[in-house]
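# Observations on chain architecture
The lines below spell out each chain.
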Amino acid sequence: MGSEVQVILIIVGAVVALFLLLYLLPVNLWFTAQLSNVKISLLNLVLMRLRKVPPALISNAMIISTKAGLRITTNEIETHYLAGGNVNKVIKALISADKANIPLDFKLATAIDLAGRDVFDAVQLSVNPNVINTPPVAAVAKDGIQLIAKARVTVRANINQLVGGAGEETILARVGEGIVTTIGSSIDHKHVLENPDNISKTVLSKGLDSGTAFEILSIDIADIDIGENVGAKLQTDQAEADLKVANARAEERRAMAVANEQEMRAKAQEARAKVIEAEAQVPMAMAEAFRSGNLGIMDYYKMQNIQADTDMRTSISKPGESNKK
């Protein structure tokens, strides 16, 4: 009984050892690589396992790249994997770029991948250009008419500018700025409507894709609509503002005139008060003249006659006022 248990334990130990040996020594991967004419040693595969690098991933990548005619070493692929890159996308991107005659080496591809961009999609975008639709861009021509334009921008990826290059938002902003500048420099809106291709030519000649991750192939104006008459609106607003200023100045002058009138009335009242005060002194002066003998009774009557004659002449010269009285 004890011998049977020992035999079973020996068999189990042998099976476990065999599995460990096959795990550490991926003979099948080495054999497949040799059949594919890929130079990978069995020791190198074992060391990959110890470095926690999946040998199957590296071996398959080497087989695919070798069959595609690419010259890549296992050390380069393993280094990119340890750096956190996506090995399969890099290999697919390199093969796609090679078939499309796009200059892309392994170093640049891994740099694009480690920068967080999808290098395979970038190559596909370089092969198959993408169309970006701009939002409505409003601009005003020199005659004051607003135009609202929409454009389609055809771009392809600029492989050499993918690392550190600006994205689609920058392209859209620059194209919008170019449309605004072109329409704003036009003589009138009719000229823009008659020749919308001038916008495309002018904007495209500005080199708007410099410093971006894309290359602009064409800019096509999809639609142009007429908006508001901004010039007339501005003139109306200016006229209303001028009217308010004129009204304010007129009100200021009216207030000053009213103030001057009130001041003149006050001065007239003051002068009238002085006259009344002076007239009040006349009887006192006459009484003093009587007492001092400087004025006689006949002189007084003569003065009264002169005063009556003056009043009569005044009433004759102003008949309307006499009737009112």
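Residues numbered from 1 in each chain as written. Predicted model: local features only at pLDDT ≥ 70, side-chain atom pairs only at ≥ 80, totals over all residues. Heavy atoms only, no water.

Within an unreviewed UniProt entry, the label attached to the chain reads Flotillin-like protein FloA, and the organism entered is Sphingobacterium populi. According to UniProt, the comment filed for the chain under the heading Function (unreviewed entry) is "Found in functional membrane microdomains (FMM) that may be equivalent to eukaryotic membrane rafts FMMs are highly dynamic and increase in number as cells age. Flotillins are thought to be important factors in membrane fluidity." Under the UniProt heading Sequence similarities (unreviewed entry), the entry covering the chain gives this text: "Belongs to the flotillin-like FloA family." (UniProt positions renumbered as here; feature names shortened; annotations may be inferred.)

## Section: the layout of surface pockets
Here the largest pocket is characterised by a volume of approximately 160 Å³. Ranked by residues supplied to the lining of the largest pocket, first place goes to helix 8 (residues 119-127) with 3 residues. For the lining of the largest pocket, the per-class residue count stands at 6 nonpolar, 1 polar and 4 charged. (1 Å grid on protein atoms, 1.4 Å probe; cavity = no way out; pocket = protein on both sides within 12 Å on 5 of 7 lines; lining within 4 Å. Points joined across faces, edges and corners; volume = space filled by probe spheres on them. Helix = DSSP H or I, 4+ residues; strand = E, 2+ residues; numbered from the N terminus. Nonpolar A, V, L, I, M, F, W, Y, C, P; charged D, E, K, R; others polar.)

## Remarks on helix 11 (residues 197-204)
Restricting attention to buried positions, one finds in helix 11 the residues Ile-199, Ser-200 and Val-203. Down the axis, helix 11 shows its buried residues gathered within 100° of arc, on one side only. Those residues of helix 11 that are buried lie in contact with helix 9 (168-184), helix 10 (189-194) and strand 4 (214-229). (Buried < 20%, exposed > 50% of the residue type's maximum accessible area, 1.4 Å probe, protein only. Arc of directions from axis to C-beta. Contact = heavy atoms within 4.5 Å.)

## Concerning the pairing of strand 2 (residues 137-140)
On strand 2, burial follows the alternation: Val-137 and Ala-139 on one face are buried, whereas Ala-138 and Val-140 on the facing-out side are not. Hairpin connection, strand 2 to strand 3 (residues 145-157): the antiparallel pair is bridged by 4 residues, and Gly-144 has positive phi, about 90°. (Pairing = 2+ DSSP bridges.)

## Structural notes on the packing of helix 4 (residues 55-67) against helix 5 (residues 74-82)
Remark: helix 4 packs on helix 5, axes separated minimally by 10 Å, with the N-to-C direction vectors making an angle of 130°. Between helix 4 and helix 5, the angle falls in the class oblique. Both helix 4 and helix 5 take part in a crossing whose hand is right-handed. Two secondary-structure elements touch here, helix 4 through Leu-57, Ile-58, Ala-61 and Met-62 and helix 5 through Thr-74, Ile-77, Glu-78 and Tyr-81. Of the residues contributing to the contact of helix 4 with helix 5, the split by class is 6 nonpolar, 1 polar and 1 charged. (Axes fitted to C-alpha atoms, helices over the stretch in contact; angles between N-to-C directions. Parallel < 35°, antiparallel > 145°, perpendicular 65-115°, else oblique. Left-handed = near helix turned anticlockwise from the far one by under 90°.)

## Examining the packing of helix 5 against helix 7 (residues 106-114)
Interhelical geometry of helix 5 versus helix 7 gives an angle of 10° and a closest axis separation of 11 Å. Classified by the angle between their axes, helix 5 and helix 7 sit roughly parallel to one another. Within the contact between the two elements, helix 5 uses Glu-76, Ile-77 and His-80 and helix 7 uses Phe-106, Thr-110, Asp-113 and Leu-114. Partitioned by chemical class, the residues of the contact of helix 5 with helix 7 number 3 nonpolar, 2 polar and 2 charged.

## Some details on the nonpolar core
Generally speaking, a soluble globular protein has its nonpolar side chains buried in company with each other. Counting 56 residues, the largest nonpolar core has Ile-77, Leu-94, Leu-104, Ile-179, Ile-183 and Ile-199 as the members making the most contacts within it. Looking at which element gives the most residues to this core, the answer is helix 6 (residues 87-99), with 7 residues. If near-sequence neighbours (up to four positions away) are discounted, Ile-199 is found in contact with Ile-179, Thr-182, Ile-183, Val-192, Ile-221 and Ile-224. (Core = buried A, V, L, I, M, F, W, Y, C linked by side-chain atoms within 4.5 Å.)

## Quick word on the pattern of salt bridges
Scanning the entire structure with this criterion turns up 7 salt bridges. Close ionic contact of Arg-156 with Glu-215 constitutes a salt bridge, the shortest N to O distance being 3.1 Å. Taken together, the residues span a long stretch of sequence, with Arg-156 in strand 3 and Glu-215 in strand 4 at a distance of 59 residues. By relative accessible area, Arg-156 is classed as partly exposed at 31%. Between Glu-251 and Arg-254 there is a salt bridge whose closest N-O contact spans 2.7 Å. Of the two residues, Glu-251 and Arg-254 are both situated in helix 12 (residues 230-292); the distance of 3 residues between them amounts to about one turn of the helix. A relative accessible area of 42% means that Glu-251 is categorised as partly exposed. Given a relative accessible area of 46%, Arg-254 falls into the partly exposed group. (Salt bridge = Lys/Arg side-chain N within 4 Å of Asp/Glu carboxyl O.)

## Here's the deal with the confidence of the model for the chain
Averaged over every residue, the pLDDT of the chain is 79; residues scoring 70 or more account for 87%. Here helix 14 (residues 319-324) is the element of the chain with the lowest mean pLDDT, 54, and helix 6 is the one with the highest, 87. (pLDDT = per-residue confidence, 0-100.)

## Examining the packing of aromatic side chains
Applying the stated criterion across every chain, the model contains 0 aromatic pairs. In this structure, Lys-92 packs its charged tip against the face of Phe-120, placed 4.6 Å from the ring centre. (Phe/Tyr/Trp six-rings, centres within 6.5 Å; stacked < 30°, edge-to-face > 60°. Lys NZ or Arg CZ within 6 Å of the ring centre and 35° of its normal.)

## Considering a nonpolar patch on the surface
A cluster of nonpolar side chains, contributed by Trp-30, Phe-31 and Leu-35, occupies part of the molecular surface with about 330 Å² of accessible area. Relative to the elements of secondary structure, Trp-30 occurs in helix 2 (residues 27-35). Assessed through its relative accessible area of 31%, Trp-30 is described here as partly exposed. (Patch = residues over 30% accessible without salt bridge, like charges linked within 9 Å, V, L, I, M, F, W, Y side chains within 5 Å. Areas by Shrake-Rupley, 256 points an atom, 1.4 Å probe, with all protein chains shown as cover.)

## Looking at helix 7
Residues lying three or four places apart along an α-helix face the same way, a consequence of the helix completing one turn every 3.6 residues. Among all positions in helix 7, only Phe-106, Ala-109, Thr-110, Ile-112 and Asp-113 are buried. Down the axis of helix 7, the smallest arc covering the buried residues is 160°, so these residues share one side. Gly-116 lies just past helix 7 and shows a positive phi near 100°.

## Comments concerning the environment of Ile-102
Here Ile-102 is to be found in the loop between helix 6 and helix 7. Here Ile-102 falls in the buried class, since its relative accessible area comes to 16%. Remark: the alpha-carbon pair of Ile-102 and Val-127, spanning 25 residues in sequence, is separated by 8.5 Å. Those residues in contact with Ile-102 that sit more than four places away from it in its chain are Ala-97, Val-123, Ser-126, Val-127 and Ile-159.

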